[in-house]
Amino acid sequence: MRVTRSTCPYCGVGCGVLIESRGARIVGVRGDPDHPANHGRLCTKGSTLHLSAEPSRQAATRLLQPMLRHDRASPPATTSWDAALDHTAQRLADIVQRHGPQAVGFYVSGQLLTEDYYVLHKLARGLIGTPHIDSNSRLCMSSAVVGYKQTLGADAVPTCYEDLDHADCVFIAGSNTAWAHPVLFRRLDAARARRPSMRVIVVDPRRTDTASVADLHLALQPGTDVMLWHGLLHLMIRHGWIDADYLAAHTQGFAELRALVQDYPPELVAQVCGLQPDDLLTAARWFAGVPDGWPAGVALPRAQRLRTLSLYCQGLNQSSSGTAKNVGLINLHLACGQIGRAGAGPFSLTGQPNAMGGREVGAMATLLSGHRDIANPRDRAEIAALWGLLPGVDLPAQAGLTAVEMFEAAAQGRLKALWIACTNPAQSLPDQTTVRRALRQVEFVVVQEAYATATTCAWADVLLPAATWAEKEGTVTNSERRISRVRAAVPPPAGPLGEGPWPDWRIAAAVGQRLQALLPPRAGGSMFAYATAEEVWNEHRRSTIGRDLDIGGLSYALLEHGPQQWPYPVGAAQGRPRLYEDGRFATADGRARLLALPYESPAEERDERYPYALLTGRLRDQWHGMTRTGTVESLFGHAAEPCVDLHPQDMAEAGLTDGDLVRVRSRRGQIVLPARPSPDVGRRQCFIPMHWGGEYLGGLHADEGLARGVNALTVPATCPRSRQPELKHTAVRIEAAHLPWQVHAMAWLPAGEALRAQQALRPLLAQFEYAACVPVAPSGGVATAPEENVVALWFKAAHPAPPPQPDWLAQLGQALQLEVADIARYDDAPRGQHRRLRLQRLGDEVRLQAFLLAGQARSRAWLGALLRQRQALTLPVAMLLMDLPDPVGLQIKPASRTVCNCLGVTEAAITTTLEGLTGTAEERLRALQASLRCGTQCGSCVPELRRLVTAAGLSTVAAVATETQP
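Given the structure is predicted, the values throughout are model-derived calculations rather than measurements.

Rules behind the numbers
- Residues numbered from 1 in each chain as written.
- Predicted model: local features only at pLDDT ≥ 70, side-chain atom pairs only at ≥ 80, totals over all residues.
- Heavy atoms only, no water.
- Helix = DSSP H or I, 4+ residues; strand = E, 2+ residues; numbered from the N terminus.
- Contact = heavy atoms within 4.5 Å.
- Areas by Shrake-Rupley, 256 points an atom, 1.4 Å probe, with all protein chains shown as cover.
- Lys, Arg positive; Asp, Glu negative; His and termini not counted.
- Charge placed at Lys NZ, Arg CZ, Asp CG, Glu CD.
- Salt bridge = Lys/Arg side-chain N within 4 Å of Asp/Glu carboxyl O.
- Buried < 20%, exposed > 50% of the residue type's maximum accessible area, 1.4 Å probe, protein only.
- Core = buried A, V, L, I, M, F, W, Y, C linked by side-chain atoms within 4.5 Å.
- Pairing = 2+ DSSP bridges.
- Axes fitted to C-alpha atoms, helices over the stretch in contact; angles between N-to-C directions.
- UniProt positions renumbered as here; feature names shortened; annotations may be inferred.
- Domains from an automatic or database assignment.
- Polar contact = N/O pair within 3.5 Å; in protein donor to acceptor, adjacent residues only side chain to side chain.
- Expected span 1.5 Å × (residues − 1).
- Phe/Tyr/Trp six-rings, centres within 6.5 Å; stacked < 30°, edge-to-face > 60°.
- Parallel < 35°, antiparallel > 145°, perpendicular 65-115°, else oblique.
- Left-handed = near helix turned anticlockwise from the far one by under 90°.
- Nonpolar A, V, L, I, M, F, W, Y, C, P; charged D, E, K, R; others polar.
- Bend = angle between axes of the 7 residues up to and from the residue.
- 1 Å grid on protein atoms, 1.4 Å probe; cavity = no way out; pocket = protein on both sides within 12 Å on 5 of 7 lines; lining within 4 Å.
- Points joined across faces, edges and corners; volume = space filled by probe spheres on them.

Visitor: If you had to explain the overall build of the protein chain to someone new, which residues and values would you point to?
Guide: On a plain count of helices and strands, the protein chain comes out with 33 helices and 36 strands. Dimensions of the protein chain, computed from C-alpha atoms along their principal axes, come out at roughly 85 × 85 × 60 Å. Counted over contacts in the protein chain with a minimum sequence separation of 6, partners at least 24 positions apart contribute 73%. Summed over all atoms, the accessible surface of the protein chain reaches about 33,100 Å², with 51% contributed by carbon and sulfur. Positive and negative charge centroids in the protein chain, built from 96 and 92 side chains respectively, lie 1 Å apart.

Visitor: Give me the pattern of salt bridges: which residues, what numbers.
Guide: For the coordinates displayed, the defined rule picks out 59 salt bridges. Across the pair Lys472 and Asp504 runs a salt bridge whose closest N-O atoms are separated by 2.7 Å. Linking Lys472 in the loop between β16 (462-465) and β17 (474-477) with Asp504 in helix α22 (residues 504-516), this pair joins segments that are 32 residues apart in sequence. Measuring nitrogen to oxygen at the nearest pair gives 3.6 Å for the salt bridge that ties Arg667 to Glu604. Of this pair, Arg667 sits in the loop between β23 (661-665) and β24 (670-677) while Glu604 sits in the loop between β20 (592-593) and β21 (612-617); the two residues are 63 residues apart in sequence, bridging distant segments of the chain. Residue Glu604 is classed as buried on the basis of its relative accessible area, which comes to 8%.

Visitor: Tell me about the nonpolar core, and please be specific about residues and values.
Guide: Within the largest apolar cluster, 196 residues are counted, with the highest numbers of intra-cluster contacts made by Leu228, Trp229, Met236 and Trp419. With near-sequence residues (within four places) excluded, Trp419 lies in contact with Thr88, Leu92, Gly105, Phe106, Tyr107, Leu120, Leu123, Val446, Gln448, Leu464, Ile507 and Val511.

Visitor: Tell me about the sheet that holds strand β8 (residues 169-173), and please be specific about residues and values.
Guide: By definition, the strands of a sheet pair up through backbone hydrogen bonds, in either a parallel or an antiparallel sense. One open sheet accounts for 5 strands, arranged β10-β9-β8-β12-β13; its pairing is parallel. Each end of this open sheet is capped by a strand with a single partner; those strands are β10 (216-218) and β13 (345-348). Going across the sheet, the axis of each strand differs from the next one's by a mean of 15 degrees, ignoring polarity. Here strand β12 (residues 308-312) runs beside β13; their pairing, made up of 4 bridges, is parallel. The residue bridging Leu311 from the neighbouring strand is Phe347, located in β13.

Visitor: Please set out the UniProt feature "domain: 4Fe-4S Mo/W bis-MGD-type" (unreviewed entry) in the protein chain residue by residue, giving values where relevant.
Guide: Here, the residues flagged by UniProt with the feature "domain: 4Fe-4S Mo/W bis-MGD-type" (unreviewed entry) are residues 1-57. The distance separating the terminal C-alpha atoms of residues 1-57 is 22 Å; by composition the span is 19% helix and 35% strand.

Visitor: So what's going on with the domain arrangement of the protein chain? Residues and values would help.
Guide: Its domain assignment divides the protein chain into domain 1 (67-136 + 354-466 + 501-528), domain 2 (142-348), domain 3 (601-737), domain 4 (738-895) and domain 5 (900-963). One C-alpha centre belongs to domain 4, the other to domain 5, and the line joining them spans 33 Å.

Visitor: Let's hear about the pairing of strand β14 (residues 417-421): which residues, and what values?
Guide: Burial runs high along β14: 5 of the 5 residues are buried. Alternating residues of β14 divide into Ala417, Trp419 and Ala421 and Leu418 and Ile420, and every residue in both groups is buried. Relative to β14, strand β6 (residues 104-108) is paired through 4 bridges, and the arrangement is parallel. Following the sheet pairing, Gly105 is matched in β14 by Leu418. Inspection of the sheet shows β14 paired to strand β15 (residues 444-449) by 5 bridges, in the parallel sense.

Visitor: Lay out the environment of Leu558 with the relevant residues and their values.
Guide: Within the fold, Leu558 resides in helix α24 (residues 556-559). Judged by relative accessible area, which is 24%, Leu558 ranks as partly exposed. Distance in space between the C-alpha atoms of Leu558 and Gln318 is 37 Å, their sequence separation being 240 residues. When sequence neighbours within four positions are dropped, the list of residues in contact with Leu558 reads Gly553 and Tyr568.

Visitor: Break down unusual backbone geometry for me, with residues and values.
Guide: Following Trp566, the chain continues to Pro567 via a peptide bond in cis, the omega torsion being 0 degrees. Within the secondary structure, Pro567 sits in the loop between β19 (564-565) and β20. Here Asp431, not a glycine, exhibits a phi torsion of approximately 55 degrees, which is positive. If you trace the backbone, Asp431 turns up in the loop between α20 (425-428) and α21 (432-441).

Visitor: How would you sum up the environment of Gln817? Please name residues and give values.
Guide: Looking at the element boundaries, Gln817 is found in the loop between α28 (808-815) and β32 (824-828). Considering only alpha carbons, one finds Gln817 and Leu749, 68 residues apart in sequence, at a separation of 8.3 Å. In contact with Gln817, other than residues within four places in its own chain, are Leu749, Glu753, Ile823 and Arg838. Among the polar contacts made by the side chain of Gln817, one reaches the side chain of Glu753 at a distance of 2.7 Å.

Visitor: Report on the sheet that holds β19, specifying residues and quantitative values.
Guide: Here 3 strands make up an open sheet; going across it, the order is β17-β18-β19 and the pairing antiparallel. Looking along the sheet, the strands with just one partner apiece sit at the ends: β17 and β19.

Visitor: Go over helix α16 (residues 322-335) with me, naming the residues and quoting the values.
Guide: Here α16 is 14 residues long and its end C-alpha atoms lie 20 Å apart, about the 20 Å a rise of 1.5 Å per residue gives. Counting buried positions over the 14 residues of α16 gives 14, a clear majority of the element. Gly337 sits one or two positions beyond α16 and adopts a positive phi of about 65 degrees.

Visitor: Describe the packing of aromatic side chains, listing the residues and the values that go with them.
Guide: Two aromatic rings, taken as a pair, are described by how far apart their centres are and by the angle between their planes. By the definition in use, this model includes 16 aromatic pairs. Centroid distance Trp741 to Trp808: 5.3 Å. Interplanar angle 85 degrees. Geometry classified as edge-to-face. Linking Trp741 in strand β29 (residues 741-750) with Trp808 in helix α28, this pair joins segments that are 67 residues apart in sequence. In this pair, the class of Trp741 matches that of Trp808, namely buried.

Visitor: Tell me about the side chain of Ser543, and name the residues and values.
Guide: With respect to the element layout, Ser543 can be found in helix α23 (residues 533-544). With sequence-adjacent residues up to four places away left out, Ser543 is seen in contact with Ser369, Gly370, Arg372, Ile383 and Leu386.

Visitor: Kindly report on the packing of helix α6 (residues 142-151) against α16, identifying the contributing residues and their values.
Guide: Between α6 and α16, the shortest axis-to-axis distance is 8 Å and the interhelical angle comes to 50 degrees. Looking at the two axes, α6 sits oblique to α16. Our pair here, α6 against α16, has a crossing hand that is right-handed. Residue-level inspection shows Ser143, Ala144, Val146, Gly147, Tyr148, Gln150 and Thr151 of α6 in contact with α16, the latter providing Gly322, Thr323, Asn326, Val327 and Ile330. Of the residues belonging to the contact of α6 with α16, the class tally is 5 nonpolar, 7 polar and no charged.

Visitor: Tell me about helix α5 (residues 114-128), and please be specific about residues and values.
Guide: The terminal C-alpha atoms of α5 lie 20 Å apart, and with 15 residues this matches the ideal 21 Å at 1.5 Å per residue to within 8%. Of all the bends in α5, the greatest, near 25 degrees, is centred on Lys122. Judged by how many residues are buried, α5 sits mostly within the fold: 15 of 15 residues are covered. Looking one or two residues past α5, Gly129 carries a phi angle of roughly 85 degrees, positive in sign.

Visitor: I'd like to hear about the side chain of Thr730, residue by residue, with values.
Guide: With respect to the element layout, Thr730 can be found in strand β28 (residues 730-736). Given the relative accessible area of 0%, Thr730 is considered buried. For Thr730, the contacting residues outside a window of four places in its chain are Glu604, Tyr612, Ala613, Leu614, Ser666, Arg668, Leu713, Thr714 and Val715.

Visitor: So, empty space enclosed by the protein: which residues are in play, and what are the values?
Guide: Throughout the structure, instances matching the rule amount to 7 cavities of 30 Å³ or more. Of the pockets and cavities examined, the second largest cavity occupies roughly 120 Å³. Lining the second largest cavity are 13 residues, and of these Thr61, Thr453, Tyr696, Gln758 and Arg762 sit closest to its centre. Considering each element in turn, the lining of the second largest cavity owes the most residues, 3 residues, to helix α26 (residues 751-760). Along the lines of polarity and charge, the residues of the lining of the second largest cavity split into 3 nonpolar, 8 polar and 2 charged. Mapped onto the domain boundaries, the lining of the second largest cavity takes at least three residues apiece from domain 3 (601-737) and domain 4 (738-895).

Visitor: Give me the lowdown on the packing of α5 against α23, citing residues and values where you can.
Guide: For the pair α5 and α23, interaxial distance at closest approach is 9 Å and the crossing angle is 70 degrees. When the axis of α5 is compared with that of α23, the two are roughly perpendicular. Considering how the two elements wind past one another, α5 and α23 form a crossing that is left-handed. On α23, the residues touching Thr114, Glu115, Tyr118, Val119 and Lys122 of α5 are Ala533, Val536, Trp537, Glu539 and His540. Taken together, the residues of the contact of α5 with α23 sort by class into 5 nonpolar, 2 polar and 3 charged.

Here it is, written out as structure tokens:
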């Protein structure tokens, strides 16, 4: 067995992984104990990477050969690499010659490697001459980028993970770190265990797993963060908790900011944010680092000030006030001197594995390579010289269209070609109606993608198959500015013509070589004569020398010894873990800027017609559009299907019960999905995970047979400074969806066939008012997955009446292998009642392998449990076909949600075990882990285990109180 060191392809923590392979097959993955980002830990997603690379799943979902269509009425056909690359270059050259370079737009991804990003940027701005290249990092980090640049002078995170070991207060804002960055959260948990005096403040409208461990949870009203920041600074100034000496020596702009925050007294802030004034005062004191008992009115020396580290993510960034939210938080750090020392500073957590690498190479509409400024002639000239452009040939001098703007321009006909690489805008961008109109309107769409299942592939004129994790070489930069190597453990699988996917940089370079011969000369020699990823990286390195991110002292050879942080200039012995320790910032005069940006309400406020605030966010075990994680059925154990969380009181007032279908409408679209009561959501708020797109959630409102998912609802409004869209707040209304005719079907299928069946059923999702199709997690998670590599697939639908199209039944039956000869069936076509059963005999036992219920579907719950648990049948087949609400004489354990995915421990098992445990909460948690071993592997479930332990303790107290009442 071979072991290859590499990096996880998911979030921005940048965990090191050890890939175990035999020949061309990946057989295992584990955390790298020597990697400084994770020290051997992995989350549920990272620890199942090898399952996503299983050959039958890859064969069912990967794009393995270039595909081409010459007209949009025809499906794409397999072709050779040469034919696809020649066609792409010819079409782009034709569009540039007819409409000019600004008719071409590139939309790339924070999941690309730095080398990939670099070549795509060079192709767009250097060869074609278009300014229009942007990244899906615009949806992720652009508000943080602008916040850092406007205050500290550079897009550089000033902190590092080690600061968690030194912080006295950790201030988490707009981040469910426990789910979005689980390994980092475990590091916080460990630091807190070593130093129990550490305080944790969480600012989040929802009571997330992260908020559940906080010493102080500020459950503010959605979108009111800037009001809160100004209110906290108002209190710090009033009580003398600011660091006046630091402000005077190292900043400018405080006088204007001080004047602004005088208009944010605690009474107003408490009212607007929905918080208690006492909690505001506590938060201000803790953030400022004022020790308990410090005398009022006495100046607090910097050396005696406790240290505050803030962690923040999309809750701040994805907002029409995203820059103001970032700036306001950084203002608090500067005002209290909480920066430039161990344990203190503003730490923006990167959402994607290489969003920072993309910013380094300038692959965003507002940046140039090496953190250069597009509007600066000298900066442009430096890159033009590096790229060998001819004298007099300049790079575009203006910023390009950003993500939302790019698709709006395409929808209006202003862009004629779109090249989309390693991202899925037909799932992830807001206002999907406009996005899909853009994809239809534009003349030429190139999709460079590893997975054929990505929704955007449906609009591609050319599909270019890309190598993915474990198949390619390069680098990524994580949240703490640490560069890690990505290494190939296996070759990409071969396509039907014997050719396989290529690394992204190689695809872009191959098109660039062809295109350079077709366009008017811009460079003196070949711009894309790269033989290896290392050659690309070396050129990128040259672009950083003398800049704030200088990596002139790094090399692939040095990175072989371990990841390194930038800056790392020539002559350095190591990278710099913290920035601005000398109080000198990356501005012209070395002083940080405090900016007075007033509070503004969300772009789309709630009103009588749309009284709910829709919040979006991540699930613990899924990633982005789920093209990779969605192939691993065990990752559906924690959240089995698309649903909307509502406060129980809101549900009661609307007459809704758990599982009832509701219609969620915004001013742009609607979706139907089940409602779930959750006390973690505030009144008149609702929560839908960001992951559910048309691949899994259907409905009648579809394009190209693909529903629009949660982003049918979201608003395209953006922050005026960062152009990041407000994905975190949309005004919606919610009403019961009365859809009495239902379909419930489930089937065990070989893994690859299940994933193919899921794709085959996508058009069927668009034929019902409500429909969903998802893999089913094994009853006990990863640990109890069937040995024969089979997957249960679950299809659900609801409609006002049986659909008039008669072919739906045959399509569904064929996909789930319910149209074979030995099927038990019942049909009452006039009433729309249909039932199918597929059974399997194993010796003396008979097991249910598949079922379909259409019409009333009263037996759906117990039949589903029976199939999932692979329990032997003891009932006559005729009784199974009767659609009984309860299984007469059959004992079936109800399905229970998986909490610990590593070992398959369910919520029911945990609750039962806790009933017999006594002691403190920590003692009961340790006893629970000793008994069931939950939370002892990757640790992603530990925050939820703590919540369950606490809830069980409260239930016990309530029960005792009830029993002792007279």
